[in-house]
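Observations on the three-dimensional arrangement
Here is how the chains run, residue by residue.
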Amino acid sequence: MNNHVHYQSLLGEYRDLAAILLLSTVLKLLLLVTAGAVNPDAAAYIAAAERFAGGHFDAGLELYYLPFYPLLLAAAHVLIPDWITAGRLLSFLPLVLAAIPLYHLTRRLGDRRAALATTLLFAILPVFNLACREIIRDPLFLLLILCAMERATAMVEHYRPGALVAFFALSLAATLIRIEGVMIPAVFLGWWLAGKNRQHKRIVTVSLLAVTPAALLAAFLTGTLLGIERLTDIGLLAAWLRDDVGLRFLNRFAALMRELEAFQYTLPGGRLHNNLVETTRHWAPLVYAVGLLEMMVIGIFPTTVLGFFARSPQTLRRRHPGFGLLCTLLASTLFATLLFNILRNFTTERYLWMPIVLGLPFAGTGLDAWWKKWRRQGSVLAAAVVLLMIVTPLGKTLAKTTVYRETALLRAGDWLREYRREHGGITLYTDRRLPLHAGRPADTGRVLPWPQVAAAAGEWPGVDLVAVDLRPADGNLNHLTLDGFKALETFQDRDKAVIIFRRMGTAPGSIRQDKPSSSVNPRE
């Protein structure tokens, strides 16, 4: 009888979570069915994975310097023969499964309803749905980090050695996917040391300080024995630490400000006091921060941010020890992104995934508060906020299922696939995604910028086809020529055109495999 009651309790606990996971799966499958061309970074990952699958580790490392994600991609390729489908599966599954640790994290810091609301928002936000079309490391990295954080909050609530081991293992795995994962144990250790009156504080501290170097050394030695010298980019991490401690990263920022000052004087009124460019230079870090906050709000979704303004007595438990860790990680990831922004003078939305996800428990708690107010008081305002928080991001996600992206690349890839299957030969490309859609990932070494293609095509007698991509807005679609070649096929959509040239005076398949004299390695 007790087992039956326990089973019913578990069923009720996870039934709604399972429904949200099903909704997330359906949305992502719809987006996958209507997916267009892959992202450019996919070429580097697949090219390295293709070398790894063939046992050529050195060649794979030359193409991409962090081996673990391409190795996972090569393993997925064993089950799924198509490289692009296998790569998208490595984005699709983690983005669905990441809702589970997010649910448990919020459940521990709040209550079941807030956890479900948070998970629902995560499942319908466009930023995490559209990413399932890409072949990138970030979905798997996000899943591992959320699992590590969930174990960390469990450990600070009730210390268990197993939770510490799991936290460390997940953090290490995340670091092997993206070097930024090293932030999580570092921030956790700093937060833990700063706290007072924590049980088992000495045990956890000694464990982290002693086990971390030992595990890194063991990983390095294992990789050396296996012939993989770089399991992760430790050298890059060391360079970051050296630059941060010595404030060397500010040298590049200062050079950028000097260039911006020189540009300022070329503009009308550039020498006037406190003009726009001068103000931007003086307040550049603050401008960067405002820009990052804008990107974060757009990622969370403008209407979803309304949950931050809800008022309810049942909010996240601020006295829970994990709440401080959540806020510390949120501030740390935002600050790290700001430093990167200052150093590199750019950022992308996926670099803000961690702050976006860490902000969702606040938005989810607010959504639950608005929902309760609507149900109990019949508030029209609360009902409108709930609809806006759910319907608008869901509507935008569904709207993206009707958009086909860069179909010209897809059609050109299909044409090249059939042509090469029938005739063989060598092709040069100007877009590193074309070889992937043509089913020839090994050809990523034959991707060159247009000027180099124009110069090299005539010098390599083994080349009989050249695939050139350009934007129709450039205006030279009908005037593009290539000496010794004639335009054979043209594929065009709204944003891109692909022209395929064939060497004149040759029959299809008459030119065989004379290997080009050089290659270009794709890098992220």
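Reading the values: rules and limits
Residues numbered from 1 in each chain as written. Predicted model: local features only at pLDDT ≥ 70, side-chain atom pairs only at ≥ 80, totals over all residues. Heavy atoms only, no water. Helix = DSSP H or I, 4+ residues; strand = E, 2+ residues; numbered from the N terminus. Buried < 20%, exposed > 50% of the residue type's maximum accessible area, 1.4 Å probe, protein only. Areas by Shrake-Rupley, 256 points an atom, 1.4 Å probe, with all protein chains shown as cover. Phe/Tyr/Trp six-rings, centres within 6.5 Å; stacked < 30°, edge-to-face > 60°. Pairing = 2+ DSSP bridges. Axes fitted to C-alpha atoms, helices over the stretch in contact; angles between N-to-C directions. Expected span 1.5 Å × (residues − 1). Salt bridge = Lys/Arg side-chain N within 4 Å of Asp/Glu carboxyl O. pLDDT = per-residue confidence, 0-100. Contact = heavy atoms within 4.5 Å. Bend = angle between axes of the 7 residues up to and from the residue. Parallel < 35°, antiparallel > 145°, perpendicular 65-115°, else oblique. Left-handed = near helix turned anticlockwise from the far one by under 90°. Nonpolar A, V, L, I, M, F, W, Y, C, P; charged D, E, K, R; others polar. Core = buried A, V, L, I, M, F, W, Y, C linked by side-chain atoms within 4.5 Å.

**Some thoughts on the overall build of the chain**
The helix and strand tally for the chain stands at 22 helices and four strands. Each of the 524 residues in the chain was classed as buried or not, and the buried ones make up 49%. On the chain, roughly 25400 Å² of surface is accessible, and the fraction owed to carbon and sulfur atoms is 62%.

**Thoughts on the packing of aromatic side chains**
Taken as a whole and judged by the stated rule, the model has 15 aromatic pairs. Measuring from ring centre to ring centre gives 4.8 Å for Phe122 and Phe128, while their planes differ by 35°; the resulting arrangement is tilted. For Phe122, a relative accessible area of 1% puts it in the buried group. The class for Phe128 is buried, based on a relative accessible area of 0%. With centroids separated by 6.1 Å and ring planes inclined at 35°, the aromatic side chains of Phe188 and Trp191 adopt a geometry described as tilted. Here Trp191 and Phe188 lie together in helix H11 (residues 183-194), a separation of three residues that amounts to about one turn. The same class applies to Phe188 as to Trp191, namely buried. An aromatic cluster is built from Tyr45, Tyr64 and Tyr69, whose rings are joined through pairwise contacts.

**What about the sheet that holds strand S3 (residues 485-492)?**
Pairing is mixed in the open sheet, where four strands are placed in the order S1-S2-S4-S3. The open sheet has two edge strands, strand S1 (426-429) and S3, and neither has a second partner. Averaged over all adjacent pairs, the angle separating strand axes in this sheet is 20°, with direction ignored. Two strands pair when backbone bridges link them, and S1 and strand S2 (residues 463-470) are joined in this way by four bridges, in the parallel orientation.

**What to know about helix H10 (residues 161-177)**
For H10, with 17 residues, the first-to-last C-alpha span of 25 Å sits near the 24 Å given by 1.5 Å per residue. Turning to H10, its buried residues are Ala163, Leu164, Phe167, Phe168, Ser171, Ala174, Thr175, Leu176 and Ile177.

**What to know about the pattern of salt bridges**
In total, this model carries 17 salt bridges according to the counting rule given. A salt bridge links Asp41 to Arg432; its shortest N-O distance comes to 3.4 Å. Highlighted residues: Asp41 in the loop between helix H1 (2-33) and helix H2 (42-53) and Arg432 in the loop between S1 and helix H21 (434-437), separated in sequence by 391 residues. Comparing Asp41 with Arg432, the two get one shared label, buried. Residues Asp443 and Arg446 are paired through a salt bridge, measuring 2.6 Å at the closest nitrogen-oxygen approach. With respect to class, Asp443 is no different from Arg446; both count as buried. Via salt bridges that share partners, Asp41, Asp138, Arg178, Glu180, Arg350 and Arg432 belong to a single interconnected network.

**Let's talk about the confidence of the model for the chain**
Per-residue pLDDT for the chain has a mean of 82; in total, 81% of the residues score no lower than 70. In this model residues 509-524 is a low-confidence stretch, pLDDT under 50, and it forms 54 contacts with partners more than four residues away in sequence or in other chains.

**A few points about helix H18 (residues 353-377)**
Taking 1.5 Å of rise per residue, 25 residues should cover 36 Å, and H18 covers 35 Å from first to last C-alpha, within 8% of that figure. Most pronounced at Leu360, the bend in H18 amounts to some 30°, and the proline Pro361 follows within four residues. With 19 of its 25 residues buried, H18 lies for the most part within the structure. Backbone geometry just downstream of H18 places Gly378 in the positive-phi region, at approximately 65°.

**What about the pairing of S2?**
The buried fraction of S2 is high, at eight of eight residues. Sheet topology note: the S2/strand S4 (residues 497-503) ladder contains six bridges and is antiparallel. Bridge pairing links Asp469 to Val498 in S4.

**Some thoughts on the packing of helix H9 (residues 138-157) against H18**
Put simply, H9 and H18 touch, their axes get as near as 11 Å, and they point 45° apart. Between H9 and H18, the angle is such that the two are oblique. Judged by the twist between their axes, the crossing of H9 over H18 is right-handed. In contact with Asp138, Pro139, Leu142, Ile145, Leu146 and Met149 of H9, H18 contributes Trp353, Met354, Val357 and Leu358. Classifying every residue of the contact of H9 with H18 by side-chain character gives nine nonpolar, no polar and one charged.

**Focus: the nonpolar core**
Core analysis: the largest hydrophobic core is formed by 82 residues, its most contacted members being Phe122, Phe128, Leu142, Met149, Phe188, Trp353 and Leu360. If you tally residues by element for this core, the top one is H9, at 12 residues. The contacts of Leu142, once residues within four sequence positions are left out, are Phe122, Phe128, Trp353, Met354 and Val357. Counting 24 residues, the second largest nonpolar core, distinct from the first, contains Val38, Leu61, Leu63 and Tyr69.

**A closer look at unusual backbone geometry**
Here Asn274, not a glycine, exhibits a phi torsion of approximately 60°, which is positive. Structurally, Asn274 can be placed in the loop between helix H14 (249-264) and helix H15 (276-282). For Phe301, which is not glycine, the phi dihedral falls at a positive 100°. Structurally, Phe301 can be placed in the loop between helix H16 (284-300) and helix H17 (321-344).

**A few points about the side chain of Glu150**
Its place among the elements puts Glu150 in helix H9. Among residues more than four places away in sequence, those in contact with Glu150 are Pro101, His104, Leu105 and Arg108.

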